[in-house]
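Analysis of the macromolecular model
Residues per chain, in single letters:
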Amino acid sequence: MSPLSLARAAADELAARTGITRLDIAVTLGSGWKSAIDHLGRPVAAIPAAEIPGFAASGVAGHSGLLTVVELASGEHALVIGARTHLYEGRGVDAVVHGVRTAAAAGAHTVVLTNGAGGLQPHWKPGQPVLIRDHINLTATSPITGAEFVDLTDLYTPRLREIAKDVAPDLEEGVYAQFPGPHYETPAEVAMVGRIGGTIVGMSTALEAIAARQAGLEVLGISLITNLAAGVQDQPLDHSEVLEAGRLAEPYLGPLLARIVSRLTEK
Ligand code: 8IG
């Protein structure tokens, strides 16, 4: 089945299972963002992702493995994706962007991509959210095959970033460099990212953002800086510390994300 047919099948199955035939916005919850779902609105249905065509149970600690349809205060509906597939899971790029394509097939106009990531700015603190202003795709792949030359000039929609900064004026912006992972970077790789203009390192969001733009969605990206990137701080990186920074930040992140989503879906 083609990736678009599979996304169509997933959107149809979600509609059949939830009774909601059109979704307005999608939110992908990355490491540290899981509990944000409690703040977004009224859950209509929470479905184990593996029961929906093209999705698999998440292989990463800190991801819920659920697809949840939430009714927002505005009456609009959000698809909350708690089951991200990473490139390093080996299921291919189409699996990585299937959530975004499903959201588009279901009618969403906007996707909010959240993640946990490493930061290069020494003044950033673990637990601090940072808006993604632009990205550098270091995965050497694309979700697009064939001669389709999608413009990425304003991939992370400036209007949406302005709304987020209106909600939280202290939000800083960064440039997200995506590596394939699953290992973290060497200090030399982090130094390279700094020299080419990156300030955030992660393993997920750039490919999803590209697929979102190809599908005509507007994109807002927010990284939770859970650790300073390798070599920026003097200790080694530890996934349990990453999860701990997420846990400590969660009480602040949920309400923040809910306020941003509510502004993005205001009429
Ligand atoms: I959480 O330091 C988290 N995800 N590539 N580097 C990369 N991904 C990450 C990091 C990090 N921290």
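Let us look at the structure shown here. (Residues numbered from 1 in each chain as written. Predicted model: local features only at pLDDT ≥ 70, side-chain atom pairs only at ≥ 80, totals over all residues. Heavy atoms only, no water.)

1. As for the overall build of the protein chain
Of regular secondary structure, the protein chain possesses 8 helices and 9 strands. Residues classed as buried in the protein chain amount to 53% of the 267 residues present. Across the protein chain, the mean location of the 19 positive side-chain charges is 3 Å away from that of the 28 negative side-chain charges. (Helix = DSSP H or I, 4+ residues; strand = E, 2+ residues; numbered from the N terminus. Buried < 20%, exposed > 50% of the residue type's maximum accessible area, 1.4 Å probe, protein only. Lys, Arg positive; Asp, Glu negative; His and termini not counted. Charge placed at Lys NZ, Arg CZ, Asp CG, Glu CD.)

2. Regarding the environment of Trp33
Tracing the backbone through its elements, the reader meets Trp33 in the loop between strand 1 (25-28) and helix 2 (37-40). Residue classification places Trp33 among the buried positions, given a relative accessible area of 0%. Along the chain, Trp33 and Leu155 lie 122 residues apart, while their C-alpha atoms are 22 Å from each other. Apart from the residues within four sequence positions on either side, Trp33 is in contact with Thr114, Asn115, Gly116, Pro129, Ile222, Ser223, Leu224, Glu250, Leu253 and Leu257. A polar side-chain atom of Trp33 sits 2.9 Å from the main-chain carbonyl oxygen of Asn115. (Contact = heavy atoms within 4.5 Å. Polar contact = N/O pair within 3.5 Å; in protein donor to acceptor, adjacent residues only side chain to side chain.)

3. As for unusual backbone geometry
Following Gly181, the chain continues to Pro182 via a peptide bond in cis, the omega torsion being 0°. Its place among the elements puts Pro182 in the loop between strand 7 (172-178) and helix 6 (187-195). Of note, the phi angle at Ala140 is positive, near 60°, even though the residue is not glycine. Looking at the secondary structure, you find Ala140 in the loop between strand 6 (128-137) and helix 5 (158-167).

4. Regarding empty space enclosed by the protein
Gaps between atoms show up when a probe of the same size as a water molecule is rolled over them. Considering all chains together, one arrives at 2 cavities of 30 Å³ or more under this definition. As a volume, the largest cavity reaches approximately 90 Å³. Taken together, 14 residues make up the lining of the largest cavity; nearest its centre are Ala83, Arg84, Thr85, Val96 and Gly99. Put simply, the parts of the chain that give the lining of the largest cavity at least two residues each are helix 3 (93-96) and helix 4 (98-105). Its residues assigned to classes, the lining of the largest cavity shows 6 nonpolar, 5 polar and 3 charged. (1 Å grid on protein atoms, 1.4 Å probe; cavity = no way out; pocket = protein on both sides within 12 Å on 5 of 7 lines; lining within 4 Å. Points joined across faces, edges and corners; volume = space filled by probe spheres on them. Nonpolar A, V, L, I, M, F, W, Y, C, P; charged D, E, K, R; others polar.)

5. Overview of the side chain of Arg161
Examined against the element boundaries, Arg161 turns out to sit in helix 5. Its relative accessible area of 10% is what places Arg161 among the buried residues.

6. A word on the site of the ligand
Taken together, the residues surrounding the ligand are Gly116, Ala117, Gly118, Tyr184, Glu185, Val201, Gly202, Met203, Thr226, Asn227, Leu237 and Val242. A distance of 2.7 Å separates a nitrogen atom of the ligand from a polar atom in the side chain of Asn227. Within the complex, the protein chains bury 95% of what would otherwise be the 330 Å² of accessible surface of the ligand. Counting atoms within 2 Å of the grid points, the majority share of the ligand lands in the largest pocket. Contributing elements (two or more residues each) for the shell around the ligand: strand 5 (110-119), strand 8 (200-202) and strand 9 (218-228). Per-element tally for the shell around the ligand: the top contributor is strand 5, with 3 residues. Residues that form the shell around the ligand fall into these classes: 6 nonpolar, 5 polar and 1 charged. (Near = heavy atom within 4 Å. Areas by Shrake-Rupley, 256 points an atom, 1.4 Å probe, with all protein chains shown as cover. Sits in = over half its atoms within 2 Å of the grid points.)

7. Re the packing of helix 5 against helix 8 (residues 239-264)
Between helix 5 and helix 8, whose axes approach to 9 Å, the crossing angle comes to 130°. Classified by the angle between their axes, helix 5 and helix 8 sit oblique to one another. Taken as a pair, helix 5 and helix 8 cross one another with a handedness that is right-handed. Contacts between helix 5 and helix 8 involve Leu160, Ile163, Ala164, Asp166 and Val167 on the former and, on the latter, Leu256, Arg259, Ile260, Arg263 and Leu264. A per-class count over the contact of helix 5 with helix 8 returns 7 nonpolar, no polar and 3 charged. (Axes fitted to C-alpha atoms, helices over the stretch in contact; angles between N-to-C directions. Parallel < 35°, antiparallel > 145°, perpendicular 65-115°, else oblique. Left-handed = near helix turned anticlockwise from the far one by under 90°.)

Remember, this is a structural readout, not a statement about activity or role.
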